[in-house]
Amino acid sequence: MILSMATASCAPQSDTVDTVTWPDVQAPVATIKPYTRIVHGDTVIDNYYWLNDYFKKGADSSAVIKYLEQENDYTAAMLKSTEPLQEKLFNEMKSRIKEKDESVPYLENGYYYYRRTEEGKQYYKICRKKGGLDGKEEVLLDVDDMAKGMPYYAVSGFAVSPDNKFLAYGVDTVSRREYVIHIKNLETGELLTDRISNTTGSAVWAADNKTVFYTKIHPLTLLSEKIKRHTLGTSSELDVEVYHERDNTNYIEVSKSKNGRYIFIQSQGTLSTEVRYLSADEPTGVFRVFQARQKDVLYAVTALEDRFLVTTNADAQNFKVVSCPLDKTTKENWVEYIPHRPDVLIEGLDEFKNFLVISTRKNGLTNLTIRDLKTNKEHPLDFGEAAYTVYPSINAEYSSDIVRYGYTSLVTPLSTFDYNMYTKERVLLKQQEVLGGYNVEDYVTERSFAPAADGVLVPISLVYKKGTKKDGTAPLYLYAYGSYGASMDPTFSSTRLSLLDRGFIYAIAHIRGGEEMGRQWYEDGKLMKKKNTFTDFIECGRYLIKQKYTSKGHLYAEGGSAGGLLMGAVINMAPDLWNGVIAAVPFVDVVTTMLDETIPLTTNEYDEWGNPNNKDAYAYMKSYSPYENVEAKAYPNLLVTTGLHDSQVQYFEPAKWVARLRTAHTGNNVILLKTDMDFGHGGASGRFDYLKDQALEYAFILKLEGINK
């Protein structure tokens, strides 16, 4: 179907905004090339399968690029009238950012490390000072200079050797999270000739200051599959493989204990963990298995002076903490240390020589508890807002009695505190500065609970400007994710002020599939219960309308990646509920992707979505996959974004989805696709460039709402 129009109604409801005018521009029409998929006796014709030709070896990708460029031209033409607003939004959001800034320095091994940014520059400089903050600054990496002339540049895995003389770091210039590790001599400033390609970007130093361990990824699937050992000054071709993961559903990584005594290799899937460990003093030694992997048993290891602590879900759905001797690590030696609590999720431990900081979650809110390792007495940290987020920050010094943590909420800018675990004194080190006169008292944050389809109460965090009427006339921007047990906690955003100041209410739906309400919250939103994620979001939207926060003609939704799957599902299930939807890098062709083991991350995802080679899993996936369930109906206004180099959700998923939606859409609402031809899943790497994408998305929503300034 060709979309050609002079005007289009935002939505059919009577309580919508006035008719929105669109240019009389013809939408691209994707070529139809039928491809037949037969799985479990089920025949499916995919007319747009050819759109994945860009990454197919030997395939002619010119038609793909031409189509994506046509879509970009169409989107630009349709949103031409918003360009002045986009520029205004970009400048407005950029003006709130303190361009010349510096992170709070943290102490590690005798040096204070920090990042600083300079006015007008996109990136940053990584610096350190020896002994104290009055010392001479040493610029370790000038990323502003390193990134010159590059459309994309990301640095990862910053790691300094124990003797403070060498720096290992990874660089990705393509935006596919495929890093090359470099080594810099910090005494001379020279780069060593060492180059280690196809890595996750992180390196871990052994105690000898010349050996690093790193994770090697498969060049096609980008799966983490090997841990290798590299010796400085040698070719990476000579690197020794110390571990090879044979289970392609697991992710692997290498890390180091905070006390510096152990190197850990962790292999983990959704359902099981296996950790290996080695003394950092013996880099050529053999890694020992901490506890062999067992089905449905997850665990994480924390090294103390005299024992290991293990956070595990063994017979403890919300996790418990056990301890074991340093030389007897298997499960039969585990002794309960912090018991399981059905109403409290243990999310992690931050260890110190004398204290333990326990990160927990109760009733959807994050908490920190301090435990004295000598007396085992505990005390919680108190926070005063209805909805907030708190988390341990960078705590590199094992012997310190001070824990640094970050605190934020929907109205509180990110704040960094130091807390003395002995004296209980709390010191605010820095709060994110919002230029232009931001006043926290001008905004209101609330927490509410929406009844789901099955009666479960789903938390919603909301923020709006004082004076915003709750009579159904306010536009509302509803966000959610709902996968992988990732909790979408309430945090501050200075860019969001551009919506709030224009009368929008912003809300986060803490739907199942995340872990906000404990491990069961996650279990009830994945695999054969995945549809709970979608119905939860729909019911949150209906609840907000019922409570007069907004109305159908003013309700907007946004989600990205797996949250983009959510957007695709809910517009199939309840298309008339939303006036406009933004689906960012959306995972919308679930069945096709999960059947293709050559696509990055596919096999790692079986425990999340299911393996479609199983007939029941295939049928359930197909029943909700957005691409599979496009039907002849009036869809809401839709803006879809993707990146050509996206390694996590390949560009062809949203491209195919948009092409199919165009053939089925029976209404006058617009369907737009924007492909970033230079970037991948995370978008632009510069600290200002991403604001252009944000401005485009906001301008799309504001146009639908009839706001042009």
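- The name that an unreviewed UniProt entry assigns to the protein is Proline-specific endopeptidase, with the source organism given as Sphingobacterium nematocida.
- Per UniProt, the protein carries the Function (unreviewed entry) text "Cleaves peptide bonds on the C-terminal side of prolyl residues within peptides that are up to approximately 30 amino acids long. Has an absolute requirement for an X-Pro bond in the trans configuration immediately preceding the Pro-Y scissible bond."

**Points about the overall build of the protein**
- What the protein contains, in helices and strands, is 12 helices and 40 strands.
- Its C-alpha atoms give the protein a radius of gyration of 26 Å, near enough to 27 Å, the size a compact globule of 709 residues would have.
- If one aligns the C-alpha atoms of the protein with their principal axes, the spans along those axes are about 70 × 60 × 50 Å.
- Counting across all 709 residues of the protein, residues that qualify as buried make up 59%.
- Taken as a whole, the protein presents about 28,300 Å² of accessible surface, with 48% of it coming from carbon and sulfur.
- Where the 81 positive side-chain charges of the protein centre and where its 94 negative ones centre are 1 Å apart.

**Quick notes on the nonpolar core**
- By size, the foremost hydrophobic cluster in this structure holds 116 residues, and its most contacted members are Leu476, Leu478, Phe537, Leu544, Trp578, Trp657 and Phe700.
- It is helix 12 (residues 689-704) that contributes the most residues to this core, nine residues altogether.
- Here Trp657 is in contact with Gly568, Ile571, Ala583, Pro586, Val588, Pro626, Tyr627, Val630, Leu638 and Val640, once residues within four sequence places are set aside.

**Focus: the packing of helix 1 (residues 62-78) against helix 11 (residues 652-664)**
- One can describe the packing of helix 1 onto helix 11 by two numbers: an axis separation of 12 Å at closest approach and a directional angle of 65 degrees. Between helix 1 and helix 11 lies a crossing of left-handed hand. Residues Tyr67, Leu68, Glu71 and Tyr74 of helix 1 form the contact with helix 11, whose own contacting residues are Ala655, Val658, Ala659 and Arg662.
- The residue inventory of the contact of helix 1 with helix 11, partitioned by class, reads six nonpolar, no polar and two charged.

**Describing the side chain of Asp536**
- Its place among the elements puts Asp536 in helix 6 (residues 531-546).
- If near-sequence neighbours (up to four positions away) are discounted, Asp536 is found in contact with Ala452, Val458, Ile511 and Arg512.

**With respect to the pairing of strand 40 (residues 671-676)**
- With five of its six residues buried, strand 40 lies for the most part within the structure.
- By the bridge criterion, six bridges tie strand 39 (residues 637-643) to strand 40 in an arrangement that is parallel. Bridge pairing in strand 40 links Val640 to Leu673.

**Observations regarding the pairing of strand 21 (residues 299-303)**
- Counting buried positions along strand 21 yields four of five residues, so the element is predominantly enclosed.
- Direction of pairing for strand 21 relative to strand 22 (residues 308-312): antiparallel, over a ladder of five bridges. Opposite Ala300, over in strand 22, you have Thr311 as the bridge partner.
- Count of turn residues in the strand 21/strand 22 antiparallel hairpin: four residues.

**Regarding the packing of aromatic side chains**
- If you walk through the whole model with that rule in mind, you get 33 aromatic pairs.
- When the ring of Tyr438 is compared with that of Tyr443, the centres are 5.4 Å apart and the planes differ by 25 degrees; the resulting orientation is stacked. Assigned by exposure class, Tyr438 and Tyr443 land together as buried.
- Within the aromatic cluster, the residues linked to one another by ring pairs are Tyr262, Phe264, Tyr277, Phe290, Tyr299, Phe308 and Trp334.
- Between Arg512 and the ring centre of Trp521, over which it is positioned, the NZ or CZ distance is 5.8 Å.
- Between Arg660 and the ring centre of Tyr627, over which it is positioned, the NZ or CZ distance is 5.1 Å.

Definitions and limits used
- Residues numbered from 1 in each chain as written.
- Predicted model: local features only at pLDDT ≥ 70, side-chain atom pairs only at ≥ 80, totals over all residues.
- Heavy atoms only, no water.
- UniProt positions renumbered as here; feature names shortened; annotations may be inferred.
- Helix = DSSP H or I, 4+ residues; strand = E, 2+ residues; numbered from the N terminus.
- Rg over C-alpha atoms; globule rule 2.2 N^0.38 Å.
- Buried < 20%, exposed > 50% of the residue type's maximum accessible area, 1.4 Å probe, protein only.
- Areas by Shrake-Rupley, 256 points an atom, 1.4 Å probe, with all protein chains shown as cover.
- Lys, Arg positive; Asp, Glu negative; His and termini not counted.
- Charge placed at Lys NZ, Arg CZ, Asp CG, Glu CD.
- Core = buried A, V, L, I, M, F, W, Y, C linked by side-chain atoms within 4.5 Å.
- Contact = heavy atoms within 4.5 Å.
- Axes fitted to C-alpha atoms, helices over the stretch in contact; angles between N-to-C directions.
- Left-handed = near helix turned anticlockwise from the far one by under 90°.
- Nonpolar A, V, L, I, M, F, W, Y, C, P; charged D, E, K, R; others polar.
- Pairing = 2+ DSSP bridges.
- Phe/Tyr/Trp six-rings, centres within 6.5 Å; stacked < 30°, edge-to-face > 60°.
- Lys NZ or Arg CZ within 6 Å of the ring centre and 35° of its normal.

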